[in-house]
Amino acid sequence: MSERDEARDGFPRRDAEGRVVALGDLLGVTLAGVVIGVLALVLFDWTFELIGSGDFGQANGWLAVILPAWLFLEDFRAWSFGAARVVAALLAAVLGVAGGLLVAGLADGLPPLVSGTLAATVFTVVYAVVWFHGVHWLARRTG
């Protein structure tokens, strides 16, 4: 088995082109990425509070979306060039950001770490669902 084939046997499961094959895998990995991002933010925020450079909870929780965005970018690159992937990505981004901003607005009274984390989580779920179903549907429609 080649090194390229071994890379495809991991999680999330991918097809021969490197595209994620199951929505559950995409959601699982991206939500794990949000959790890891939040833990890193909490650690940094706590460290800055300890050295007297700010109050705990003031870090921007939206930063927790970095790892999921990386996976979304990798999946985007795995799809062949065409309108399906661009339209699906743009629609997913618009809906994801709108959902995240709505949740952040509803959680306005909470510290930025909490409201941003909620927003990043909503963005991740909305983006994953819209991207996955959208790119598969559009790819079938456009050939």
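Only a predicted model underlies this, so the values are computations on that prediction, with no experimental measurement involved. (Residues numbered from 1 in each chain as written. Predicted model: local features only at pLDDT ≥ 70, side-chain atom pairs only at ≥ 80, totals over all residues. Heavy atoms only, no water.)

This paragraph deals with the overall build of the chain. If you tally the helices and strands in the chain, you get 5 helices and 0 strands. Helices and strands in the chain line up, N terminus first, as α-α-α-α-α. Reported as C-alpha extents along the three principal axes, the dimensions of the chain are approximately 55 × 35 × 20 Å. Accessible surface for the chain amounts to roughly 8300 Å². Of this, 69% is attributable to carbon and sulfur atoms. The averaged location of the 13 negative side-chain charges in the chain is 14 Å from the averaged location of its 9 positive side-chain charges. (Helix = DSSP H or I, 4+ residues; strand = E, 2+ residues; numbered from the N terminus. Areas by Shrake-Rupley, 256 points an atom, 1.4 Å probe, with all protein chains shown as cover. Lys, Arg positive; Asp, Glu negative; His and termini not counted. Charge placed at Lys NZ, Arg CZ, Asp CG, Glu CD.)

Attention now goes to the UniProt feature "transmembrane region" (unreviewed entry) in the chain. The positions UniProt marks with the feature "transmembrane region" (unreviewed entry) are residues 20–44, 56–73, 85–107 and 113–139. The span residues 85–107 is 96% helical and 0% strand by assignment, and the distance between its end C-alpha atoms comes to 32 Å. Across residues 113–139, helical content stands at 100% and strand content at 0%; the span's end C-alpha atoms are separated by 37 Å. (UniProt positions renumbered as here; feature names shortened; annotations may be inferred.)

To continue, consider the confidence of the model for the chain. Predicted confidence across the chain gives a mean pLDDT of 86, with 93% of residues reaching 70 or more. Mean pLDDT across the elements of the chain ranges from a minimum in helix α1 (residues 3–8), with 48, to a maximum in helix α4 (residues 83–106), with 93. A low-confidence stretch, residues 1–7 stays under pLDDT 50, and its non-local contacts, those more than four residues away or across chains, total 3 contacts. (pLDDT = per-residue confidence, 0-100. Contact = heavy atoms within 4.5 Å.)

This part takes up the pattern of salt bridges. A complete count under the given rule lists 4 salt bridges for this structure. Of the charged contacts, one joins R13 and D25 as a salt bridge, the two residues approaching to 2.7 Å between their closest N and O atoms. Of the two residues, R13 sits in the loop between α1 and α2 (23–50) while D25 sits in helix α2, which places them 12 residues apart along the sequence. Assessed through its relative accessible area of 5%, D25 is described here as buried. Of the charged contacts in the structure, one is a salt bridge between E74 and R77, with a shortest N-O distance of 3.3 Å. Taken as a pair, E74 and R77 lie in helix α3 (residues 66–78) at a separation of 3 residues, close to a single helical turn. On the basis of relative accessibility, which here comes to 30%, the residue E74 falls in the partly exposed class. Bridged by salt links that share partners, the residues D15, E17 and R19 form one connected network. (Salt bridge = Lys/Arg side-chain N within 4 Å of Asp/Glu carboxyl O. Buried < 20%, exposed > 50% of the residue type's maximum accessible area, 1.4 Å probe, protein only.)

Within the largest apolar cluster, 26 residues are counted, with the highest numbers of intra-cluster contacts made by L26, A64, F72, Y127 and W131. Those elements giving two or more residues to this core turn out to be α2, α3, α4 and α5 (112–142). If one sorts the elements of this core by residue count, α5 sits on top with 9 residues. If we ignore the near neighbours within four places in the chain, the residues touching F72 are L26, T30, F123, T124, Y127 and A128. (Core = buried A, V, L, I, M, F, W, Y, C linked by side-chain atoms within 4.5 Å.)

Right, let's talk about the environment of A104 for a bit. Along the chain, A104 falls in helix α4. Each C-alpha atom of the pair A104 and D75 lies 27 Å from the other, and the pair is 29 residues apart in sequence. Contact partners of A104, with chain neighbours within four places excluded, come to W62, S115 and A119.

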